[in-house]
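Chain by chain, the residues run as shown.
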Amino acid sequence: MSNRYMPHTEEDLKAMLDKIGVASIDDLYVDVPGEVIYKEEYDIPSAMSEIELRKHFEELAGKNRTLTVFGGGGVYDHYSPSVIGHLLARSEFYTAYTPYQPEISQGTLQYIFEYQSMISELTGLEATNASMYDGATAAAEVMFMMVASAKKRNRVLISDTIAGNVIKVVKTYASFHGVDVTVIPEKDGVTDLAAIDKELETGDVAGVIVPTPNKYGIIEDFTGLADKVHAAKGYLGVYADPSTLAVLKTPVEWGADVACGDGQSLGMPMAFGGPYLGFISCNKSMIRKMPGRVVGATKDADGKRAFVLTLQAREQHIRREKATSNICSNQSLMALYATIYLSLLGKEGLKEVNVMSCDGAHYLYNRLIATGKFTPAFNKPFLKEFVVKTDLDMEKINKRLLDNGIMGGILLGDGMVEFAVTEKRTKEEIDNLVNLMTEEQ
Amino acid sequence: MKHYDKIIFELSRAGRKGYELPADKYGVDGMAEIPADLLRTQEAELPEVSELEVVRHYTNLSNKNFGVDTGFYPLGSCTMKYNPKINEELAALPAFMSLHPLQDEKAIQGALELYWNLQRMLSNIAGLAEFTLNPYAGAHGELTGLMVMRQYHRSRGDHKRTKVIVPNSAHGTNPASAMVAGLEVVEVKSKPNGSIDVEDLKPLLDDTIAGIMMTNPNTLGMFETEILEIADLVHKAGGLLYYDGANLNPLLGKVRPGDMGFDIMHINLHKTFSTPHGGGGPGSGPVGVAKHLVQFLPNPHVVKREDGTFTISEGEESLGNISTFLGNFGVMMKAYAYILSLGKENIKNVGPLATLNANYIKESLKDDYLLPIDGVCKHEFVFDGLKDKSTGVTTLNVAKRLLDYGFHAPTIYFPLLFHESMMIEPTETESKETLDDFIEVMHKVAKESRETPEVVKEAPLTTLVRKLDETTAAKNPILNYRTLKAAEA
């Protein structure tokens with residue numbers, strides 16, 4: 001019965017069965033009703049050696065295409081420094097589980113503490129949890145935090161300028177849990193702030209969630225919003241791209257009580273959609289409503305600095321049906337990813353990544369406008385992602401780009417195309433993109 | 001470095017860096033186009049460290065950890081089996097890792113084929129019609145599964161069904177997931193052996209019941225022998241059966257959840273299918289459903305066209321979206337590699353060998369540890385602490401003493417059915433020698449508890465840090481470096 005992952009020899013089997021006092025392994029299943037025992041063979045392929053497995057994966061890999069990416073939509077082709085992969089491959093990190101035994105899990109606990117510290121530096125909000133599944137589920141949990149914090153209010157406003165796939169997830173969670181979600185319409189590519197004012201008048205709003213940058217890449221101006229939301233006794237949440245917070249006005253500077261978003265932009269591989277991480281940061285007023293795990297600093301019996309999971313009284317494994325969230329893990333290894341990324345890039349590097357992405361995006365934007373075939377969609381400030389309008393047949397053009405190994409802009413309909421540029425894109429790649437898009441065919 | 005105790009921020013020196021970017025390459029000043037009042041004014045105090053310092057720092061942190069590769073990790077209910085190395089390597093292939101999720105379908109056919117193949121394999125192994133791989137974790141799978149349950153009743157206009165039955169021995173996530181899904185939890189009692197009390201269940205089954213959440217074997221590692229009767233009762237009452245796949249491992253090769261009458265289930269790829277736990281994640285919690293529920297699975301979903309190509313589809317009766325894209329693809333790749341490595345010849349031995357290992361430990365230790373329920377267990381079992389209660393040595397003490405001897409502790413104080421629960425799950429990847437070492441140490445700790453209980457109560461004595469002050473940590477939370485620096489100043 002042995003194979004490379006199961007070490008039992010015939011001798012082992014016999015000795016173990018003798019100890020247990022049964023004649024065969026089947027006897028360990030005597031309590032299982034005969035009619036549910038599976039007597040067939042699974043419909044899966046025969047065992048593969050490493051050699052065969054590798055070939056199979058290479059075959060599948062050959063059916064994918066690695067492209068020069070100019071698409072964003074919440075996933076950005078930022079560079080991942082080599083160090084990260086090497087450190088993440090340390091199996092003391094990745095073969096551990098949740099740090100239930102802090103004495104032998106200080107490695108995990110400390111990097112989570114560092115992660116929390118770094119995300120808090122970015123958002124400006126003091127409490128960050130150990131991470132969530134992704135940005136969308138983090139936003140849904142922020143909605144629950146708002147409702148739990150604002151007593152007896154059950155409505156949350158969310159701007160339509162937050163990415164569509166995030167809003168969809170928020171709505172799914174809301175629909176089953178029983179929270180009223182009102183989507184605030186956009187006006188000229190930004191949140192219609194007057195519409196928020198109007199909704200706040202009804203006095204039943206637990207919170208408002210707005211984005212930075214928004215789904216069009218626009219950096220919205222939320223001056224005065226926090227005061228209004230707070231005056232109406234609601235909480236303000238900002239859905240943010242954490243990478244951009246090295247340069248853009250932070251959630252705390254906008255007066256937010258809570259921030260969330262997706263950590264993919266912190267150098268994580270695009271990985272066909274995951275794994276990434278979601279983050280949540282909040283201020284003191286919401287800390288005990290924050291879902292998931294949190295690591296705190298403490299001391300051990302000898303007075304030595306150490307780290308431990310804390311504020312666990314909030315957690316589902318203790319509160320069971322009183323729980324306001326069911327998350328009982330985190331995207332720990334991706335939190336380590338973000339932590340190492342932010343350690344390497346550091347204070348200056350993350351700014352430079354943004355400056356370079358911003359320069360590249362503006363270079364592409366300027367070039368597209370200069371062709372005369374594209375016009376600005378909104379004329380609003382942007383960082384690394386923007387939308388232009390065109391009468392060109394973009395479906396056809398994107399096919400042409402694909403033939404040339406390029407993922408072009410994301411088509412938003414009505415002739416609107418969204419491009420993203422990261423520090424990985426060269427001037428030559430951008431020039432090539434523009435030429436391929438605008439050449440006469 | 002044995003006594004390494006720095007935090008990354010403490011290594012920071014202004015002007016040091018651990019990265020390099022290309023020189024200015026566009027000749028454009030993009031930032032100048034952004035109004036100053038949209039920019040941050042106070043800088044983010046991220047560390048400034050060199051590459052080597054980063055490498056050493058995190059290498060040193062890794063040395064403060066214990067993983068499956070370090071040693072035996074009998075954490076009950078978590079299925080800490082070996083994480084094959086080839087899977088890590090394959091899942092890191094740039095041809096998959098560099099895929100943007102919104103790339104043209106023609107450029108992602110390999111990823112979609114892998115994804116679809118895994119959907120089919122899991123469906124076959126589970127005895128169910130279809131799987132979604134979108135959920136990110138076990139708890140996320142539970143939530144998604146309960147949403148399927150509710151969507152099914154909604155689609156029939158049956159809006160009364162707002163309650164879900166959960167055994168009082170269930171994993172803590174079950175009631176929490178029910179809460180989040182907007183369902184009211186009704187507890188059904190367990191019999192002393194942890195099995196559902198069918199007589200207690202019967203009167204609960206009225207037309208307000210959406211379904212029941214169960215795991216089989218249950219949290220005590222015992223098979224629910226009355227499962228077919230339970231399934232029949234719940235179905236006759238109009239409810240659905242949800243299977244918590246946390247305990248699926250012992251059933252591989254033996255029983256398919258669908259054949260027991262379950263309509264919905266989740267699988268923890270990070271348990272049964274060997275993907276690493278990653279210090280808490282990322283995991284993956286695919287959800288499978290019986291034929292009559294397929295249309296309610298979340299969007300988006302991967303399907304195969306008649307021409308053999310693959311595409312991403314959206315269903316109109318779907319419960320909606322529960323993930324940004326298609327879930328933790330990187331994790332799925334590892335589970336897929338694992339299934340192919342074992343193949344149909346070996347995967348059927350996983351359950352039996354996991355069960356053998358658990359029973360072997362149980363029988364070897366029941367002289368020193370209190371076994372509340374005798375009889376064959378499945379992949380795990382529960383001791384109610386030491387047999388000799390006169391020493392005052394608790395399950396927590398035993399767990400901490402195990403750390404001194406180089407083992408990870410079992411799951412402790414769960415399930416809540418006993419005061420001194422100690423839940424042990426060895427998995428099938430451990431050799432008899434490893435189990436014998438563990439058994440020997442467990443006997444030794446029992447002996448120490450009788451002879452020198454004060455030593456066991458002081459444990460751990462040899463770990464890098466000792467007992468932690470958790471009370472102060474919770475009372476005055478220090479959650480980031482800024483606060484810590486101020487507190488230490």
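Bear in mind the structure is a predicted one, so any value in this text is a computation, not a measurement. (Residues numbered from 1 in each chain as written. Chains lettered and ligands numbered in written order. Predicted model: local features only at pLDDT ≥ 70, side-chain atom pairs only at ≥ 80, totals over all residues.)

## A short note on the overall build of chain B
Within chain B, the secondary structure is distributed over 14 helices and twelve strands. In terms of C-alpha radius of gyration, chain B reaches 25 Å, essentially the compact-globule figure of 23 Å for 489 residues. Reported as C-alpha extents along the three principal axes, the dimensions of chain B are approximately 75 × 70 × 45 Å. The 489 residues of chain B split such that 59% are buried. Taking the contacts inside chain B whose residues are at least 6 apart along the sequence as the reference set, 72% of them involve residues at least 24 apart. (Helix = DSSP H or I, 4+ residues; strand = E, 2+ residues; numbered from the N terminus. Rg over C-alpha atoms; globule rule 2.2 N^0.38 Å. Buried ≥ 20, exposed ≤ 12 C-beta atoms within 10 Å, placed from the backbone. Contact = placed C-beta atoms within 7 Å.)

## Quick notes on the overall build of chain A
Within chain A one finds 13 helices and 17 strands. Each principal axis of the C-alpha distribution contributes one length, and for chain A these read about 80 × 60 × 50 Å. Within chain A, the proportion of its 441 residues that are buried is 61%. Sequence separation of at least 24 residues holds for 73% of the intrachain contacts in chain A that already meet a minimum separation of 6.

## So, the domain arrangement of chain B
All names here are of chain B. Split by domain assignment, chain B resolves into domain 1 (8-62), domain 2 (86-341) and domain 3 (351-470). Between the C-alpha centres of domain 2 and domain 3 the distance comes to 31 Å. At the interface, 17 residues of domain 2 touch 14 residues of domain 3. Each residue belonging to the side of domain 2 that touches domain 3 can be placed in one class, and the counts come to seven nonpolar, nine polar and one charged. (Domains from an automatic or database assignment. Nonpolar A, V, L, I, M, F, W, Y, C, P; charged D, E, K, R; others polar.)

## What to know about the sheet that holds strand β4 (residues 209-214) of chain B
All names here are of chain B. Spatial ordering of the open sheet is given by β1-β7-β6-β5-β4-β2-β3, a layout of seven strands whose pairing is mixed. With one partner strand each, in any of the chains shown, β1 (130-132) and β3 (184-188) form the two edges of the open sheet. With strand direction ignored, the average angle separating the axes of adjacent strands in the sheet is 25°. Note: strand β2 (residues 163-167) against β3, five bridges, orientation parallel. Bridging from a neighbouring strand, valine 166 pairs with glutamate 187 of β3. Docked against the sheet, helix α6 (residues 173-180) engages β2, β3, β4 and β5 (240-244), running at close to 170° with respect to β2. (Pairing = 2+ DSSP bridges. Axes fitted to C-alpha atoms, helices over the stretch in contact; angles between N-to-C directions.)

## Quick look at the domain arrangement of chain A
Looking at the assigned domains, one finds that chain A contains domain 1 (10-54), domain 2 (68-78 + 346-438) and domain 3 (82-340). Domain 1 of chain A and domain 3 of chain A are separated by 44 Å when their C-alpha centres are compared.

## Examining the nonpolar core
If you look at soluble globular proteins, the nonpolar side chains tend to sit buried side by side. Ranked by internal contacts, the top residues of the largest apolar core, which has 304 residues, are Ala139(A), Met143(A), Val258(A) and Val148(B). Setting aside chain neighbours within four positions, we find Val148(B) in contact with Ile264(B), Val287(B), Val289(B), Leu293(B), Phe296(B), Leu297(B) and Leu319(B). (Core = buried A, V, L, I, M, F, W, Y, C linked by C-beta atoms within 7 Å.)

## Thoughts on unusual backbone geometry
Cis peptide bonds are those with omega within 30 degrees of zero, and the linkage from Thr212(A) to Pro213(A) qualifies with -20°. Tracing the sequence through the fold places Pro213(A) in the loop between β7 (205-212) and α9 (225-231). With an omega dihedral of 0°, the bond running from Asn216(B) to Pro217(B) counts as a cis peptide bond. Phi is positive for Ala271(A), close to 45°, though the residue is something other than glycine. Considering the arrangement of structural elements, one finds Ala271(A) in the loop between β9 (258-262) and β10 (278-282). Among the residues examined, Ala271(A) registers 25 C-beta atoms within 10 Å and is labelled buried. Even without glycine at this site, Ser77(B) takes up a positive phi of about 80°. Looking at where Ser77(B) falls in the secondary structure, it is placed in the loop between α1 (51-62) and α2 (85-91).

## Things to note about the sheet that holds strand β8 (residues 235-240) of chain A
All names here are of chain A. Spatial ordering of the open sheet is given by β2-β10-β9-β8-β7-β3-β4, a layout of seven strands whose pairing is mixed. Each edge of the open sheet carries a strand with a single partner, namely β2 (127-128) and β4 (180-184). The sheet contact formed by β8 and β9 spans three bridges and is parallel. For valine 238, the partnering residue across the bridge sits in β9 and is alanine 259.

## Side note on helix α2 (residues 50-61) of chain A
With twelve residues, α2(A) extends 16 Å between its outermost C-alpha atoms, agreeing within 8% with the 16 Å of an ideal straight helix rising 1.5 Å per residue. Along α2(A), the residues that are buried comprise Leu53(A), Phe57(A) and Leu60(A). Seen end-on, α2(A) carries its buried residues on one side only, within an arc spanning 60°. The outward face of α2(A), more than 90 degrees from its buried face, is lined by the exposed residues Ile51(A), Lys55(A) and Glu59(A). On its buried face, α2(A) sits against α2, α4 (109-126) and α9 (329-365) of chain B. (Expected span 1.5 Å × (residues − 1). Arc of directions from axis to C-beta.)

## Quick look at the packing of helix α5 (residues 138-155) of chain B against α6(B)
Residues and elements named next belong to chain B. At a minimum axis distance of 9 Å, the contact between α5 and α6 shows a crossing angle of 50°. In terms of orientation, α5 and α6 fall into the oblique class. In this structure, the crossing between α5 and α6 has a hand that is right-handed. Contacts from Gly138, Ala139, Glu142, Leu143 and Leu146 in α5 reach Thr173, Asn174, Ser177, Ala178 and Val180 in α6. Across the contact of α5 with α6, the residue classes tally to five nonpolar, four polar and one charged. (Parallel < 35°, antiparallel > 145°, perpendicular 65-115°, else oblique. Left-handed = near helix turned anticlockwise from the far one by under 90°.)

## Thoughts on the environment of Lys271(B)
Note on placement: Lys271(B) falls in the loop between β6 (264-266) and β7 (287-289). In this structure the C-alpha to C-alpha distance between Lys271(B) and Ala246(B), which are 25 residues apart in sequence, comes to 7.3 Å.

## So, the environment of Pro300(B)
All names here are of chain B. Tracing the backbone through its elements, the reader meets proline 300 in the loop between β7 and β8 (301-304). C-beta crowding within 10 Å serves as the criterion here: with 22 such atoms nearby, proline 300 is assigned to the buried category. A sequence separation of 122 residues divides proline 300 from alanine 178, and the C-alpha atoms of the two residues are 23 Å apart. For proline 300, the residues in contact, after removing those within four places along its chain, are Ile312, Ser313, Glu314 and Leu326.

## Some details on the pairing of β4(B)
All names here are of chain B. A large share of β4 lies buried, amounting to six of its six residues. In terms of strand pairing, β2 meets β4 through three bridges, oriented parallel. Among the inter-strand pairings, valine 164 is bridged to a residue of β4, identified as glycine 211. As judged from the four bridges shared by β4 and β5, these two strands associate in the parallel manner. Within β5, the position partnered with methionine 214 by the bridge is tyrosine 243. The β-α-β motif built from β4, the intervening helix α8 (residues 227-236) and the parallel element β5 has right-handed crossover chirality. (Right-handed = clockwise from strand over helix to strand, strands pointing away.)

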